[in-house]
Amino acid sequence: MPEPYDPQKIEPIWQEYWARERFAAADTTAEKDLYMLMMFPYPSGDLHVGHGRNYILGDCLFRMFLMQGRRVLNPMGWDAFGLPAENAAIKRSIHPREWTLSNIERMKRQFRVWGILYDWDKEIASCEPTYYRWNQWLFVRMLERGLAYRGKSPVNWCSSCKTVLANEQVVNGGCERCGTTVVQRDLEQWFLRITAYADRLLEGLDRLEDWSEKVKVMQRNWIGRSEGAEFTMRVEGRDDVEGFSVFTTRPDTAFGMTFAVLAPEHPLVGAVTTPDRRAEVESFVERVRHQTEIDRLSTEGEVSKRGVFTGSYAVNPFTGRPVPIYLADYVLMSYGTGAIMAVPGQDQRDWDFATAYGLPIVRTVQPPEGWEGQAYVGDGPAINSDWLNGMHKAEAIARATAWLEEQGIGKGKVNFRLRDWLISRQRYWGTPIPVVYCDRDGIVPVPDDQLPVVLPTDISFGAVEGNPLAHSPSFLAATCPKCGGPARRETDTMDTFMDSSWYYLRFVNPHVHDRMFDVDRVSDWMPVDLYIGGIEHAILHLLYARFINKVLHDFGMVPDDEPFTVLFNQGMITAKSATSGKLEKMSKSKGNVVAPDALIARYGADTERVYTLFMGPPEKECEWTDDGVAGAHRFLQRVWAHQDVVAAAAGREGDAGADARLHVKTHEVTKRVHDDLGRYHPNTASAAMMELSNAIGEAAERASEGALRTAYDTLLRLLHPIAPHITEELWRALGHDGSLLRAGWPTFDGELLARQQVTLAVQVNGKLRTTIQTAPGLDAEAAGALAHEAAAKWLDGKEIVKVVHVPDRLVSFVVRG
RNA sequence: GCCGGAGUGGCGGAAUGGCAGACGCACGGGACUUAAAAUCCCGGGACCCUACGGGUCGUGUGGGUUCGAAUCCCACCUCCGGCACCA
């Protein structure tokens, strides 16, 4: 009698074996075959079953590829810089590095317990100087080419804590720690010029055929390309003021401009404010400065309190008439020119504003008959527009733009919503930005031979507010690389998205230490063939990574300008929230996490893997249920018990019919598993394997030993990617040597499947009436005759108008009478 | 508001123009057991009829295309996600 199924006992043995035999090691000096990658995680410590979905799916595919004999690079590493480590340091007086490294160990252990294989020889952690050194090197290269620059940006500032806050740290307009009202403050910050790549980032999306439409649309929205025109307006009666530019997507409506609006931060605000309006304008500007951008952009609030008249007028160049200049909080300095022409007839916001301030409204596009709305944004003939009258939108836009150019006051212009990437962080636990400030030479990049600029260790966390680096004398003191004089080191560190923007290149050859990566090897192994990760990275990480990859492509270091050929976004795992009672994403704060430890102690990792992959298609969100887990475990119990079936059949001749049925089922299931895993549907692949298992159970008493053995043998191989431990154990119990990972992937006999009897559906007037079993490949005549006989009851006395025959699927009679 | 995705038994889901509900969960019945658990077997879309058979309806709603629609088209409803005074 064999032993009962005891995952506790067998799983650690196989985990040890796989690690010892280095099954996942990939030789990247050899020619490329396949590069698959899971988004590398932030090492936050504990992983729950929701996190598992991603890694288990990846491991399932990886094991299948290995069994198919492919050479696969499947590395793992750590996005190891970031705020939580620093907060932990402040709270528990533990260095961020120690905290991070111990979390990494915990997570590696979790991967091992899940039975997940990675090529750990390629492991990287972005917090190591051997890694972040190349962030710095890349930054200097970008600085040299003008792709990195220092500029002013409004940021959230808490005057009490004397620090910049992330948007997430601003709660109801106040600092989350002390409650002080947060103000917008212009600070010098480092930027990367991602806007220079806006058009290419947009264009590249069209070539990413194997990315979901959803992600591509999200990126397109984020980049936000809009075509229009820019032109200058004079300020009436003020030859001392240069005038200001406005951007519009509707130059065709300019005859209807009845006022103009500047952003409150616009440099011209002081100049155009007349003395009698000064007090009111200043108090308005002051109030806006105290709003966070989020408040400002919210659609809440009284329109009548959102703007103020400056006292000056601009001249509408189309009509030559003056229009009042207002300020309004909803006009943003960071988009377009920070100033707009307002055309209430064709823009609803302008309509609302005009109504609230008693400004005139002139329609310049004829709305359709019966139009009862306010602003009309659709197409129609131009009216009240002099030489544009009668033209439709597209033509009128072209004419108006051409006119602006003729007049020398404007031109066609493309604007983007995308802004340059602000990478400065006033934090310790990140890559130091490698520049020094010299009184004589200004901003000087640190020369390559002095990289990396290493994070200092003489830091006491929480002792001072703000960035600890700014209080480290050893770090601050530097020598100017140009003049040799004393200089002050930059204390900002880089956004951690910089780290994750090129790590996939480093994985190919992480032990090269004199270069960012080996260009030859990377040219061979890139792009990543399959990239798996959560939808939450749809914009930021994936846009930044595409940007940096394009930059490196332009530097001649990377062959392709898009880094990820196929993107697979897995859906979230949800569970009933303890707080809201609704289905929500599994997370600590919702109190609905299922920890793997207890689950694995009770059922084993294979059960968690089977359930995770079976519960639904991996790209969709899915609810975790304990009952479902129990069902997955029962399936594995049955697979385990089938070894007795094979043993009990020893020497049996068996029933030929039962053998044949089992044989066909085996091939059919092999094909389905092959197809389903190929399209990333382990859920239906699992269902097929359950059918094969059930078929073995049904044939247990009648089939021959050989047939049962072959079916079981195939089941174990097909099931290995999903439940690796139990299948290895059973494989050995069946008398095989070595690992299933080297046992080959089952193949199916397509001819055999094609020879099987088929079931033809027989329809009369579209209704299914009966089905018939026939040999495959019958022609229309033969199939029609058989079907006619079978459906005689419904065809008697009727005139057959038409017969539709779909080979091996159905025969459909259309009758009359 | 705009853009994407989705709506199928009690539940997770399967089927992407051709037998709706594979597979699993939950449930009901039976076997085994002193009993229970575990395990195994059987049954489950709804309604109707002259009931070991047969019929009608059925994939969010309403229409359309087709011999045939969960699947394609049009309109609408609901839910989820993204963007949102972006000029």
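These numbers were taken from a predicted model, which means no experiment stands behind them. (Residues numbered from 1 in each chain as written. Chains lettered and ligands numbered in written order. Predicted model: local features only at pLDDT ≥ 70, side-chain atom pairs only at ≥ 80, totals over all residues. Heavy atoms only, no water.)

Asker: Explanation requested: the overall build of chain A in the structure shown.
Answerer: When helices and strands are counted, chain A shows 26 helices and 30 strands. Considered along the principal axes of its C-alpha atoms, chain A spans approximately 105 × 85 × 50 Å. Here chain A holds 817 residues, and 53% of them are scored as buried. A separation of at least 24 residues holds for 71% of the contacts in chain A among residues at least 6 apart in sequence. (Helix = DSSP H or I, 4+ residues; strand = E, 2+ residues; numbered from the N terminus. Buried < 20%, exposed > 50% of the residue type's maximum accessible area, 1.4 Å probe, protein only. Contact = heavy atoms within 4.5 Å.)

Asker: Honestly, the packing of helix 20 (residues 656-678) against helix 21 (residues 682-699) in this entry has me stumped. Any pointers?
Answerer: Helix-helix packing is characterised by the crossing angle of the two axes and by the distance between the axes. Running from amino to carboxyl end, helix 20 crosses helix 21 at an angle of 170 degrees, the nearest separation of the two axes being 8 Å. The orientation of helix 20 with respect to helix 21, classified from their angle, is roughly antiparallel. Where helix 20 crosses over helix 21, the two elements pack in a sense that is left-handed. Packed against helix 20, whose contacting residues are Leu662, Lys665, Thr666, Val669, Arg672, Val673, Asp676 and Leu677, the element helix 21 presents Pro682, Thr684, Ala685, Ala688, Met689, Glu691, Leu692, Ala695, Ile696 and Ala699 at the interface. (Axes fitted to C-alpha atoms, helices over the stretch in contact; angles between N-to-C directions. Parallel < 35°, antiparallel > 145°, perpendicular 65-115°, else oblique. Left-handed = near helix turned anticlockwise from the far one by under 90°.)

Asker: What should I look at first to understand the side chain of serine 739 in this one?
Answerer: With respect to the element layout, serine 739 can be found in the loop between helix 23 (724-733) and helix 24 (750-755). At a separation of 2.6 Å, a polar atom in the side chain of serine 739 contacts the side chain of glutamate 728. Sequence-distant contacts of serine 739, defined by excluding residues within four places in its chain, comprise Tyr17, Trp18, Phe23, Glu728 and Trp731. (Polar contact = N/O pair within 3.5 Å; in protein donor to acceptor, adjacent residues only side chain to side chain.)

Asker: Sorry if this is basic, but what is going on with a nonpolar patch on the surface here?
Answerer: Taken together, the side chains of Val801, Val804, Val806 and Val814 make up a nonpolar region of the molecular surface, amounting to roughly 250 Å² of accessible area. Top contributing element to the nonpolar patch by residue count: strand 29 (residues 799-806), with three residues. Mapped onto the secondary structure, valine 801 falls in strand 29. (Patch = residues over 30% accessible without salt bridge, like charges linked within 9 Å, V, L, I, M, F, W, Y side chains within 5 Å. Areas by Shrake-Rupley, 256 points an atom, 1.4 Å probe, with all protein chains shown as cover. Salt bridge = Lys/Arg side-chain N within 4 Å of Asp/Glu carboxyl O.)

Asker: Sorry, what's going on with helix 21 here?
Answerer: An α-helix turns once per 3.6 residues; consequently, residues spaced three or four apart project the same way. With 18 residues, helix 21 should cover 26 Å at 1.5 Å per step; its first-to-last C-alpha distance of 25 Å lies within 8% of that length. What helix 21 keeps buried is the set Pro682, Asn683, Ala685, Ser686, Ala688, Met689, Met690, Leu692, Ser693, Ala695, Ile696 and Ala699. Buried residues in helix 21 make contact with helix 2 (49-67), helix 18 (605-614), helix 19 (626-648), helix 20 and helix 22 (705-719). (Expected span 1.5 Å × (residues − 1).)

Asker: How do you make sense of the sheet that holds strand 27 (residues 758-764) when you look at a structure like this?
Answerer: Hydrogen bonds between backbone atoms are what pair the strands of a sheet, whose relative direction is either parallel or antiparallel. What the four strands build is an open sheet, ordered 28-27-30-29; its pairing is mixed. Edge positions in the sheet fall to strand 28 (767-774) and strand 29, since each has one partner strand and no second. Pairs of neighbouring strands in the sheet enclose a mean axial angle of 20 degrees, with direction left out of account. The sheet contact formed by strand 29 and strand 30 (residues 810-816) spans seven bridges and is antiparallel. Note that in strand 30 the partner of valine 803 across the bridge is phenylalanine 813. Contacting strand 27, strand 28, strand 29 and strand 30, helix 25 (residues 780-790) crosses the sheet at an angle of about 65 degrees to strand 30. (Pairing = 2+ DSSP bridges.)

Asker: Honestly, the state of the cysteines in this entry has me stumped. Any pointers?
Answerer: Disulfide: a covalent bond formed between the sulfur atoms of two cysteine residues. Under the defined criterion, the tally for this structure stands at zero disulfides. Lacking any disulfide linkage, cysteine 483 is separated from the closest cysteine sulfur, that of cysteine 438, by 3.6 Å. Among the residues examined, cysteine 483 registers a relative accessible area of 29% and is labelled partly exposed. (Disulfide = S-S within 2.5 Å.)

Asker: So what exactly am I meant to see when it comes to the environment of cysteine 158 here?
Answerer: Relative to the helices and strands, cysteine 158 is located in strand 3 (residues 148-158). For cysteine 158, a relative accessible area of 0% puts it in the buried group. Expressed as a C-alpha distance, the spacing of cysteine 158 and glutamine 184, which sit 26 residues apart in the sequence, is 9.0 Å.

Asker: Sorry, what's going on with a positive patch on the surface here?
Answerer: Taken together, the side chains of Lys767, Arg769, Lys793 and Lys798 make up a positively charged region of the molecular surface. Looking at the secondary structure, you find lysine 767 in strand 28. (Lys, Arg positive; Asp, Glu negative; His and termini not counted. Charge placed at Lys NZ, Arg CZ, Asp CG, Glu CD.)

Asker: Any chance you could explain the packing of aromatic side chains here in plain terms?
Answerer: For any pair of aromatic rings, geometry is given as the distance between the ring centres together with the angle between the planes. For the structure on display, the rule yields 43 aromatic pairs. Relative to tryptophan 120, the ring of tyrosine 118 has its centre 5.6 Å away and its plane inclined at 80 degrees; by these criteria the two rings are edge-to-face. Look at tyrosine 118 and you get buried, because its relative accessible area is 5%. Here a set of aromatic residues connected by ring pairs shows up, and it is made of Phe259, Phe309, Tyr313, Tyr326, Tyr330, Phe353 and Tyr357. Taking the ring centre of phenylalanine 555 as reference, the NZ or CZ of arginine 145 above it sits at 4.1 Å. (Phe/Tyr/Trp six-rings, centres within 6.5 Å; stacked < 30°, edge-to-face > 60°. Lys NZ or Arg CZ within 6 Å of the ring centre and 35° of its normal.)

Asker: How should the pairing of strand 30 be read in this particular structure?
Answerer: Look at any regular strand and the pattern is simple: side chains alternate between the two faces of the sheet. Where burial is concerned, most of strand 30 is hidden: five out of the seven residues are buried. Here strand 27 runs beside strand 30; their pairing, made up of four bridges, is parallel. Considered in strand 30, the bridge of glutamine 763 is made with serine 812. Counted along the chain from strand 29 to the antiparallel partner strand 30, the turn is three residues long, and its residue aspartate 808 has a positive phi close to 65 degrees.

Asker: What is the right way to read the pattern of salt bridges from this model?
Answerer: Side chains that carry opposite charge are capable of pairing whenever their charged atoms lie near each other. For the structure shown, the criterion picks out 46 salt bridges. Between glutamate 21 and arginine 20 there is a salt bridge, and its shortest N-O distance comes to 4.0 Å. On the basis of relative accessibility, which here comes to 33%, the residue glutamate 21 falls in the partly exposed class. In this structure, the salt-bridge partner of arginine 425 is aspartate 495, at a minimum N-O distance of 3.3 Å. With a gap of 70 residues between them, arginine 425 in strand 16 (residues 424-425) and aspartate 495 in the loop between strand 21 (493-494) and helix 14 (503-506) connect regions that are remote in the sequence. Three or more residues joined by partner-sharing salt bridges are found here, namely Glu203, Arg207, Arg546, Lys550, Asp561 and Glu562.

Asker: Sorry, what's going on with the pairing of strand 27 here?
Answerer: Strand 27 sits mainly inside the fold: five of its seven residues count as buried. Between strand 27 and strand 28, which follow one another and run antiparallel, lie two residues, and asparagine 765 among them has a positive phi close to 50 degrees.

Asker: What exactly am I supposed to notice about the confidence of the model for chain A here?
Answerer: Residues shown with low pLDDT carry predicted positions that ought not to be read at fine detail. Put simply, chain A has an average pLDDT of 89, and 95% of its residues get 70 or more. In the model output, the complex is listed with pTM 0.91 alongside ipTM 0.93. (pLDDT = per-residue confidence, 0-100.)

Asker: I'm lost on the packing of helix 17 (residues 596-603) against helix 18 in this one. Help?
Answerer: Packing of helix 17 against helix 18 brings their axes to within 7 Å, and their N-to-C directions diverge by 110 degrees. Comparing the axis directions of helix 17 and helix 18 gives the class roughly perpendicular. On the side of helix 17, the interface is formed by Pro596, Leu599, Ile600 and Tyr603, while helix 18 contributes Ala605, Thr607 and Glu608.

Asker: Which parts of the structure should I look at to understand unusual backbone geometry?
Answerer: With the exception of glycine, the majority of residues adopt a negative phi angle, and the majority of peptide bonds are in the trans configuration. The residue after leucine 451, namely proline 452, is reached through a cis peptide bond having omega 0 degrees. Along the chain, proline 452 turns up in the loop between strand 18 (442-445) and helix 13 (473-476). Cis peptide bonds are those with omega within 30 degrees of zero, and the linkage from methionine 526 to proline 527 qualifies with 0 degrees. Note on placement: proline 527 falls in the loop between helix 15 (519-525) and strand 22 (528-534). Phi is positive for aspartate 386, close to 50 degrees, though the residue is something other than glycine. Tracing the backbone shows aspartate 386 in the loop between helix 11 (348-357) and helix 12 (393-407). The class of aspartate 386 is exposed, set by a relative accessible area of 56%.

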